[in-house]
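Residues per chain are reported as follows:
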Amino acid sequence: MRKLVTSMVCLAATLAAGLANASTLTVNAGGDLQAALNAAQPGDTILLQAGATFTGNFVLPVKNGASDITIRSSAADSSLPAAGVRMTPASAPLLPKIRSTSNGAALATAPGASHWRLLFLEFYPQPGTTTADLVELGATGSHQNTSWQVPQHFVVDRSYFHGDPTNGQRRGIALNSGDTQIVNSYFADFKGRNSDTQAICGWNGPGPYLIDNNYLEAAGENVMFGGSDPSVPNLVPTGITIRRNHISRPMAWITQGWTVKNLVEFKNAQDVVVEGNIIENHWVGGQQGSAIVITPRNQSNTAPWSVVRNITVQNNIIRHVSSGFNILGYDNLAPSQQTDGITVRNNLLYDVDTKYTSSTTAGPARLAIIGAGPRNVTFDHNTVDNNGGSTIFIYGGATPTGVQIAGFTLTNNLLKQNSWAIYGDAIGQGQPALDHFAPNATVAHNTFAGASPKLYPIGNDFPTVAQWLADFTQRAAGDYTLVPTSLSRGAGTDGKDVGVDFAELNAALAAPSAPPVINPPVVPPPVPPPPQSTPYSGTPIALPGRIEAENYDKGGEGLAYHDTTAGNSGLAYRKDGVDIHSTSDAGGGYLVGWTAKGEWLKYSVNATAARNYTLDVRVASKGAGGTFHIEIDGVNVTGTMSGPNTGAWQTFTTISKAGVALTAGPHVVRLVMDGIGASGSVANFNWIAFR
């Protein structure tokens, strides 16, 4: 084994010594780094002097072999971040610095280069080179317009990339290689005025890519795939995993004039997983302020195959942003393929606020804007605290296949109405918007806080905004776990809580590194079972026995009950749309009041024996009451019953109906309001008894 030490004085002599099989090449300050790169063989390590600066436009050459050549700091491992630990600027004194001599990359790759590992290195620009990329893995144009020219097999680990604090930098890594991992590294100060800037951007490489456990800071887009047309025909970056990163920018930039567009953007990409990231600090600037943009772009009209497809965004925290997602079905400027298979699940979005803007234009503060007819778009188990006019805005746009979203699924999300929970451009809110833009959509087991149940599909819940906010453990501190009394607990289509599964989210945020996801299989979201109500206590009410009126099933508006007004007028017992008040009737408890024509309540029961029962209904009315009936399994078993004038809303009497036949086993009882009386209501109801 031999060791190669280079310096300005002894490099030529050392190389001339014929040391072709060196395993360690040491390059000290003033040494010839390019000569070491040229001399290194697969499996070698190039040690760069800690703290030294190497200036040039260095190129990683082609080598024959499948073992990595490692370029790294000479500092001891014990003084630097351990494997799996993110680099920070605090380690900069121990890192060799690689800088460009001209307006080009400090480090680039030769066509077909492979198996290089960059470890414990610092890259930053010299004055006057801030419009360049710091590192170019792969190339564009005639340098890389066939697949054989694509460099392969790179690892960038625990390295520090940064722009000039005053003047910024165009890009950290141009990611146009194949099979590349960027892990445990730190990217800062990628910013510019009137220009796009990125920490990482790829457009002419096939993938797969792992971007794991990095700090990624940029103004234009922190991470982007697409944005320029590929030079390799039919190329779509594929198999992209973006995991456990902190994707951010300083809020101080909002007043500094940098061009701000998005945090994460996909313009040409497929088979993507974005998971376990903190994604934060975004505002209306150069664009309309969506944190994550999923929009196909045939950027220069030379790549009509451009597509965004099979993208899953899950288990992320997205916060302090002007809006969440922008999803577009087709490029509106040039031909593209149709967006397909977008899944947004188990994400916490909070402080999505109109205040995040660098202009006089308020942020839209939405969960999502969707246009131009994408296919198979799913939002499931997200918790979203926003204050924009609409939470989901759908529009037509330029589309060759129509504006409808085929396969739109919205399930198990905790959402607010604000002005409109779901709004269709030129159509209006709620069901009409869905009918026009997403016919046959699955919209079930969501909360639409503050919305009117009449405007949305059955099978969802409509608490007041105050009730919705009170469900969170400590909203002001960003703790959106549900309190134990929340009616959203266990109320999802899958039996989980509505909103975020925090055990899953926290596990993803803390997950250790794992092998990259390469071409992850596309698994369509399961079709949720038909929505149904469930017993309030978890167990059907036993008959013979008493059904307390306030203990109607869980499941929300349209499933467990129908109420014609939003919120609980009595502000007691339950936090949904049914009006409940305490009662002074014998035994105390609660009553259901403010009843109106067309309203109903559902109760899951279980009869212990088959026989004829007598039904007793405990009612009160100040003035002549209205009419109602009781159904069992959809059959009216009582005929019309009338609420008598008892003299006061808290003065109760019992009216009965005998001879109601009931078989043994489970049944569904419905109390149905048929018409109001002179009192202006049907009646107050305390309980129904089967004896």
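Position labels on residues start from 1 in each chain and follow its written sequence. Since the coordinates come from a predicted model, pLDDT governs what is reported: local features require at least 70, and pairs of side-chain atoms require 80 or more to be given and counted, while whole-chain, interface and lining totals use all residues. With hydrogens and water stripped out, all remaining heavy atoms of the structure feed into the side-chain values.

Caption draft 1: Inspection of the pairing of strand β27 (residues 308–314) at higher detail. Within β27, five of the seven residues are buried, which leaves the element mostly enclosed by the surrounding structure. Strands were regarded as paired on the criterion that DSSP finds at least two bridges between them. Every helix listed is a DSSP run of H or I at least four residues long, and every strand listed is a run of E at least two residues long, numbered separately from the N terminus. Where strand β24 (residues 269–275) and β27 come together, six bridges link them in parallel fashion. Paired with Val 274 across the strands is Val 313, a residue of β27. Both β27 and strand β30 (residues 340–345) contribute to a ladder of five bridges, which runs parallel. Note on β30: the bridge partner recorded for Val 313 is Val 344. Burial status follows relative accessibility: with a 1.4 Å probe on protein chains alone, a residue under 20% of its type maximum counts as buried, one over 50% as exposed, and anything between as partly exposed.

Caption draft 2: Structural detail: the pattern of salt bridges. The salt bridge criterion pairs a side-chain nitrogen of Lys or Arg with a carboxyl oxygen of Asp or Glu, the two atoms within 4 Å. Under the definition given, this model contains 23 salt bridges. Measuring nitrogen to oxygen at the nearest pair gives 3.3 Å for the salt bridge that ties Arg 244 to Asp 212. Pair noted here: Arg 244 is in the loop between β21 (238–243) and β22 (246–248) and Asp 212 is in strand β18 (residues 209–212), with a separation of 32 residues, a long-range link. In this structure, Arg 244 and Asp 212 share a single accessibility class: buried. One continuous salt-bridge network, built from bridges that share partners, spans Arg 345, Lys 496, Asp 501 and Glu 504.

Caption draft 3: Representation of the packing of aromatic side chains in the model. Each Phe, Tyr or Trp ring, with Trp reduced to its six-membered ring, pairs with another whose centre is within 6.5 Å; inter-plane angles below 30 degrees give stacked pairs, above 60 give edge-to-face pairs, and intermediate values give tilted ones. Enumeration over the complete set of coordinates arrives at 21 aromatic pairs. Ring geometry for Phe 123 against Phe 161: centres 5.0 Å apart, planes inclined by 10 degrees, an arrangement best described as stacked. In this pair, Phe 123 sits in strand β10 (residues 122–123) while Phe 161 sits in strand β13 (residues 160–162), placing the two residues 38 residues apart along the sequence. Taking the relative accessible area as the measure of exposure, Phe 123 reaches 0% and is therefore buried. Site record: aromatic cluster; members linked through ring pairs are Phe 123, Phe 161, Phe 187 and Phe 190.

Caption draft 4: Region of the structure containing the nonpolar core. Counting residues in hydrophobic clusters, the biggest one holds 90 residues, and the most contacted among them are Ile 46, Phe 123, Phe 225, Phe 266, Phe 325, Phe 379 and Phe 448. By definition, residues are in contact when any of their heavy atoms lie within 4.5 Å. If sequence neighbours within four positions are ignored, Phe 448 has contacts with Leu 410, Leu 415, Gln 417, Ala 421, Ile 422, Val 443, Tyr 456, Asn 460, Asp 461, Phe 462 and Pro 463. By size, the runner-up hydrophobic cluster in this structure holds 33 residues, among which are Leu 543, Phe 628, Met 673 and Ala 683. By convention a nonpolar core is built from buried Ala, Val, Leu, Ile, Met, Phe, Trp, Tyr and Cys residues, the set being connected through side-chain atoms within 4.5 Å.

Caption draft 5: Quick look at the side chain of Ser 323. Structurally, Ser 323 can be placed in the loop between β28 (317–321) and β29 (325–328). Overall, the relative accessible area of 1% leaves Ser 323 in the buried class. Excluding anything up to four places from it in sequence, Ser 323 contacts Gly 289, Ser 290, Ala 291, Val 352, Pro 364, Ala 365 and Arg 366.

Caption draft 6: Representation of the side chain of Gln 417 within the structure. Relative to the elements of secondary structure, Gln 417 occurs in the loop between β37 (414–416) and β38 (420–424). Whenever a nitrogen or oxygen atom comes within 3.5 Å of another N or O atom, the pair is scored as a polar contact, on the condition that within protein one atom can donate a hydrogen and the other can accept it, and that pairs from neighbouring residues in sequence are kept only if both atoms are in side chains. At 3.4 Å, the side chain of Gln 417 and the side chain of Tyr 456 are in polar contact. The contacts of Gln 417, once residues within four sequence positions are left out, are Gly 389, Thr 391, Gln 429, Phe 448, Ala 449, Gly 450, Ala 451 and Tyr 456.

Caption draft 7: Looking closely at the pairing of strand β51 (residues 627–632). With five of six residues buried, β51 is to be regarded as a mostly interior element. When β51 meets strand β53 (residues 641–642), the two strands line up antiparallel, connected through two bridges. The residue bridging Phe 628 from the neighbouring strand is Met 641, located in β53. Alignment of β51 against strand β55 (residues 665–675), held across six bridges, turns out to be antiparallel. Considered in β55, the bridge of Ile 632 is made with Val 669. Where β51 lies against strand β52 (residues 635–636), two bridges are found, and the strand directions are antiparallel. When the sheet's bridge partners are listed, Ile 632 is paired in β52 with Val 635. Remark: two residues form the turn of the hairpin made by β51 and β52, two consecutive strands paired antiparallel; Asp 633 in that turn has positive phi of roughly 55 degrees.

Caption draft 8: Geometry of helix α5 (residues 502–510). Residues Phe 502, Leu 505 and Ala 508 constitute the buried set of α5. All buried residues of α5 fall inside an arc of 125 degrees around its axis, so they share one side. More than 90 degrees from the buried face of α5, the exposed residues found are Ala 503 and Ala 510. On its buried side, α5 packs onto β24, β28, β31 (348–352) and β43 (479–482). Measuring from the backbone nitrogen of Ala 503 back to the side-chain oxygen at the start of α5 gives 3.1 Å, which picks out Asp 501 as the cap. As used here, the arc belongs to the directions running from the helix axis to the C-beta atoms.

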